[in-house]
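Survey of secondary and tertiary structure
One letter stands for each residue in the lines below.
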Amino acid sequence: KEEEEPKKEEPKKAEPKKPEPSGPEKTLKVEIHSARGLRSGDALGSSQPYCIVEMAGKPQSRCNTGVAGNCAEDPSAPWWRETLEVKGCQTGDEMIFTVRDKDPIGGNLLGRISLSAEQVKAGFIGELQLLETDRVLSRKGICVGKGNNVEAFLLVKVEGMDPTVEDTAWYGALATKYASGVPLAISNSVKVEIVEARGLRNADWVGKQQPYITCEIEGKPETRSTSTLGDHPKDPKWNFTSQVAGYQLGDALLLTVWDQDIGKPDDMLGKATLTAEQLKSGFVGSVQLEGAGRSIEAFLYVKVGAKDPSLWDRAEVAATGAAQDGGIEMWAANSIKMEIISARGLSNPTERPLEKVGIKTKTKPYVIVQVADKDGNMKGGQSRFVTPEADSLEKAEWKHQMHVAGCHPGDTLVFTVRDDNVGNYSTAQDAANALLGHVTLNADLVKSGYMGELQLEEAGYNVEAFLKVRVEGRDPSPADDAWMASACAAHEAGGEPALRNSCKVTIMNAHNLRDADFWGTSEPYCMVQVKGKGERWSRWKTPNATNWKDPKWNHEMRVACKPGDALEFIVKDDDKGKMDDVLGKVTVPADKVKDGFVGELELENTGKKAGEPKAVLKVSVQGAEFDIVDRTVVAIQETKVVIEEGVKHVCCGIR
C-alpha cells in the first residue's frame, strides 16, 4: 500500500454574513409552470406533485399550487401553470421553491431550490435544477447528498422586486421566449463530464480498489452528485456526465476521487477545484489532484460547460478540447512543473542518531516542495512533494522533475531541505529530520518562471547555502520566456546561474568603538541578520579584528532575505567564557536593501559616554537579488565614498 498522509481537518472558511432584508414589503407574482425529471414519490401508485413558494425565513409568506393537472399521465413531468401571489417580500430576501408529493400524512420531498436575493430583485424566467431530488444516500460512511444523481428541473417566472432598466429589458426578451415555448437556459447548474483519471495511488492492502468521483459546488455539500465506479484501480475511465445543481455566479466546483470500501469509510484519493473563472469561461483539460498521496502525481481529465463565455473563451476551450482529443498532452491547469537540480554549501550541525553511539553515518539530503497561499499559510499534505535522497551533503544533486498540484495565481512555492535521519515517508518523519535550510519562491517568480539558485534561510550559523531549481512559469510573458531560455542555455553551458532571495553584503570597517574589556583589548566582529529574526541559524559574521577601536574586516558574504526585509548589523566583542559584549548596532531599511547602499552608518547602543566620538560602521549592500537591481545607484554611491575617503585621509595626513 502506498503511503497515505494523515488526514487533517481543514479550517472552514467563514461565510460572509448576508445582509438582513430591508425596505417596504411587496407582493410578487410568481408563475409555477412545470417540472421535469421528478422521481416517483410513491412506492405504489403515482405521485401527486405540488409546489410550495415562500420567502426564506418567512413562513407567513408561504403559498402553494394545487396538484399537477397531468400527474396521472406523467408524474415525472407535471405541469401546473398557476400564478401565485407571494406576500411580504423585501429587498435582500431569497425565494424558496419546494416540490412535494401530496400524501395523507406528510408527503415526500421531490426537490427544493432557491432564488438568490439578486435574482429576486432583478426578476427571473427560466429553469432551475432542483436539489434534494431523491432520498438521503450514503456510500460506505460518506453522505453523497440527497438524490442529486436524479436530475430534475422546475420552470418558473418571477417578477422583479426592484429591477433596473437593463433587468427589465432582459426580462422582456426572456418573457417572449417563455410565451412561445422556446427552451430556456438552466441558470443554476453546471454541466460536468468526468472523462478519466491517471496515476491514482493504491489505497487498498488487499483486493482491487474501485474509484468513483463526487462533484459539488464548493461549500455546498447538498449539491453533491456521484459517478459510477471506474473500470481500473489506478487509471479509471468514467465518461460520466452530470448536471451539478446549486450554482451561482462566483461559485467554484470541487471534484473528489474516492475508493469505495466495504465496512469502513471510503479512502480519498485526491481532489481538485475548478475556480469561478474557469466555470464562467468553460474548461476542457486536466487538473492535478491535491491530497493524492505523498509525491503522487495524479490527474483528472474533465469537461465543464461554460456559464458566461466570451468569444475568446469559446475558441480557447474548443482548441484545447481538440488538442486533448487528438492525443496532445496539455499541462494541468492547477499544476506547476519544476526540476530540483542541486544544492551547494549545505551544512548539518546536528548529530545523527547512530553517531551518538559511535557509528559514522552519511548525511542524505532531500527536498520537500510545498505550496503556500499569498498569506504564507502552507497547504499541508495536499500539495507536498518530495525528491529522493542525494548521495552526499557536499555535492548534493537530484535532477528530479515533478509536477506540484494546487498552485493557483498568487501562490508561492516553499522549498525545504532536510537530512534523512529517520526516513521521509510522512510529515512526522520530516519534522524529526534535521533542517538544512528553506527558501520561498515569491508569487511573481512562480508566475514568470525561474531558472537559477535561491539562497537558503536557516541553513546554519554563518553558513551560505544555495538551492538550484528550474520552475516553469504559470503565466509567463514573452520577455519572461526569453529570460528563461537564456538562463537555461547558460545552465547547459555551465555558466554562472541567476541568484535570487540573496544580497551581497560587504562589512568594511568601523571607527571609534569602545574597549569593552577590563583586561586586554576587545576583539570586535560584526554580525548581520534579517531584522526581527532572532534564530542563530539565520546569522552571518565576520572574523574577529585585532584593532579594537578602528577594526577593518572588508569581509564579503551572502545574506538570505526576502522582499521587505531590513538588515540589522550588530558589532560585538568576542569574549571567552561569557556572553559577548554589544559594541553597537544599526539597521539598513528594506528600501535600501532592495536598491543597494554604500556608506557609513552611525551605531546605536554603543555604551559610550556623552561627548565621546560617535561610533560608525561602514558597509556595502549590493541590492537584494529578488528583483532587477539598478546598479547605477550603487556605482554612484561607491564612487562618492571613494572620493570622501580620499579627502578624509588627506585632511588627516594619512596616506
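Examining the overall build of the protein chain
In terms of helices and strands, the protein chain carries nine helices and 35 strands. Counting all 655 residues of the protein chain, 49% fall into the buried class. The long-range fraction of contacts in the protein chain, counting pairs at least 24 apart against all pairs at least 6 apart in sequence, stands at 68%.

A look at the environment of Ala 333
In this structure, Ala 333 sits in the loop between α4 (311-325) and β19 (335-344). For Ala 333, a relative accessible area of 28% gives the class partly exposed. Counting along the chain gives 48 residues from Ala 333 to Gly 285, while the straight-line C-alpha distance between them is 7.4 Å. In contact with Ala 333, not counting residues within four places along its chain, are Gln 278, Phe 283, Ser 286, Val 287 and Arg 474.

Observations concerning the pattern of salt bridges
The tally for this structure, following the rule as stated, stands at 19 salt bridges. Notably, a salt bridge pairs Lys 237 with Glu 196, separated by 3.4 Å at the nearest N-O pair. Of this pair, Lys 237 sits in strand β14 (residues 237-245) while Glu 196 sits in strand β11 (residues 189-198); the two residues are 41 residues apart in sequence, bridging distant segments of the chain. What makes Lys 237 partly exposed here is its relative accessible area of 45%. Take Glu 196: its relative accessible area is 27%, and that puts it in the partly exposed class.

What to know about helix α2 (residues 165-180)
Relative to the 22 Å expected for 16 residues at 1.5 Å per residue, α2 spans 23 Å between its end C-alpha atoms, a close match to the ideal helical length. Residues of α2 that are buried: Asp 167, Tyr 171, Leu 174, Ala 175 and Tyr 178. Seen end-on, α2 carries its buried residues on one side only, within an arc spanning 115°. Exposed positions of α2 whose direction lies more than 90 degrees from the buried face are Val 165, Glu 166, Ala 169, Thr 176 and Ser 180. Gly 181 sits one or two positions beyond α2 and adopts a positive phi of about 80°.

Examining the sheet that holds strand β16 (residues 267-274)
The four strands are arranged β13-β12-β15-β16 in an open sheet whose pairing can be described as antiparallel. A single partner strand is all that each edge strand has here, and the edge strands are β13 (225-226) and β16.

Let's talk about the packing of aromatic side chains
Inspection of the entire model under this criterion finds one aromatic pair. A centroid spacing of 5.9 Å and a plane angle of 20° characterise the contact between Tyr 450 and Trp 483, whose relative ring orientation is stacked. Here Tyr 450 is found in strand β25 (residues 450-455), whereas its partner Trp 483 is found in helix α7 (residues 478-492), with 33 residues between them in sequence. Residue Tyr 450 is classed as buried on the basis of its relative accessible area of 1%. Judged by its relative accessible area of 32%, Trp 483 is partly exposed. Its end group placed over the ring of Trp 79, Arg 81 keeps NZ or CZ at 4.5 Å from the ring centre. Just above the ring of Tyr 525 sits the side chain of Lys 541; from NZ or CZ to the centre is 4.7 Å.

Thoughts on the state of the cysteines
Inspection of every chain in the model, using the stated rule, returns zero disulfides. Unpaired in terms of disulfides, Cys 51 finds its nearest cysteine sulfur in Cys 63, a separation of 9.0 Å. The closest cysteine sulfur to the non-disulfide-bonded Cys 63 is located on Cys 89, 8.8 Å from its own sulfur.

Digging into the sheet that holds β14
Spatially, the four strands line up as an open sheet ordered β14-β11-β18-β17, and their pairing is antiparallel. With partners counted over all chains shown, the strands left at the sheet margins are β14 and β17 (283-288), one partner each. Across this sheet, the average inter-strand angle for adjacent strands is 25°, counted without regard to direction. Where β11 meets β14, seven bridges bridge the pair, whose relative direction is antiparallel.

Regarding the confidence of the model for the protein chain
With 83% of its residues at a pLDDT of at least 70, the protein chain reaches an overall mean of 83. At the low end of the mean pLDDT range in the protein chain sits strand β9 (residues 142-146), at 40; at the high end sits strand β26 (residues 466-471), at 96. For residues 1-11, every residue scores under 50 in pLDDT, and the model assigns this stretch 23 contacts once sequence neighbours within four places are set aside. Long-range and interchain partners of residues 136-147, a stretch whose pLDDT sits below 50, account for 37 contacts in this model, where long-range means more than four residues apart.

Thoughts on unusual backbone geometry
With the exception of glycine, most residues fall at negative phi, and the peptide bonds are largely trans. For Glu 458, which is not glycine, the phi dihedral falls at a positive 50°. Of note, Glu 458 is situated in the loop between β25 and β26.

Description of the side chain of Gln 209
Along the chain, the position of Gln 209 falls in the loop between β11 and β12 (211-217). Judged by relative accessible area, Gln 209 falls into the buried class, the value being 2%. Polar contacts involving the side chain of Gln 209 include one to the main-chain carbonyl oxygen of Pro 233, which spans 2.5 Å. Here Gln 209 is in contact with Leu 200, Arg 201, Asn 202, Ala 203, Asp 204, Pro 233, Lys 234, Asp 259 and Leu 269, once residues within four sequence places are set aside.

So, the side chain of Asp 419
Considering the arrangement of structural elements, one finds Asp 419 in strand β23 (residues 412-419). For Asp 419, a relative accessible area of 0% puts it in the buried group. There is a polar contact of 3.0 Å between the side chain of Asp 419 and the backbone nitrogen of Lys 364.

Remarks on the nonpolar core
Membership of the largest hydrophobic core comes to 34 residues, with the highest contact counts inside it found for Met 338, Ile 340, Leu 413, Phe 415 and Leu 467. The leading source of residues in this core is strand β22 (residues 396-405), at five residues. Core analysis: the next-biggest nonpolar cluster, separate from the first, contains 32 residues, Val 30, Cys 89, Leu 128 and Ala 245 among them.

Definitions and limits used
- Residues numbered from 1 in each chain as written.
- Predicted model: local features only at pLDDT ≥ 70, side-chain atom pairs only at ≥ 80, totals over all residues.
- Heavy atoms only, no water.
- Helix = DSSP H or I, 4+ residues; strand = E, 2+ residues; numbered from the N terminus.
- Buried < 20%, exposed > 50% of the residue type's maximum accessible area, 1.4 Å probe, protein only.
- Contact = heavy atoms within 4.5 Å.
- Salt bridge = Lys/Arg side-chain N within 4 Å of Asp/Glu carboxyl O.
- Expected span 1.5 Å × (residues − 1).
- Arc of directions from axis to C-beta.
- Pairing = 2+ DSSP bridges.
- Phe/Tyr/Trp six-rings, centres within 6.5 Å; stacked < 30°, edge-to-face > 60°.
- Lys NZ or Arg CZ within 6 Å of the ring centre and 35° of its normal.
- Disulfide = S-S within 2.5 Å.
- Axes fitted to C-alpha atoms, helices over the stretch in contact; angles between N-to-C directions.
- pLDDT = per-residue confidence, 0-100.
- Polar contact = N/O pair within 3.5 Å; in protein donor to acceptor, adjacent residues only side chain to side chain.
- Core = buried A, V, L, I, M, F, W, Y, C linked by side-chain atoms within 4.5 Å.

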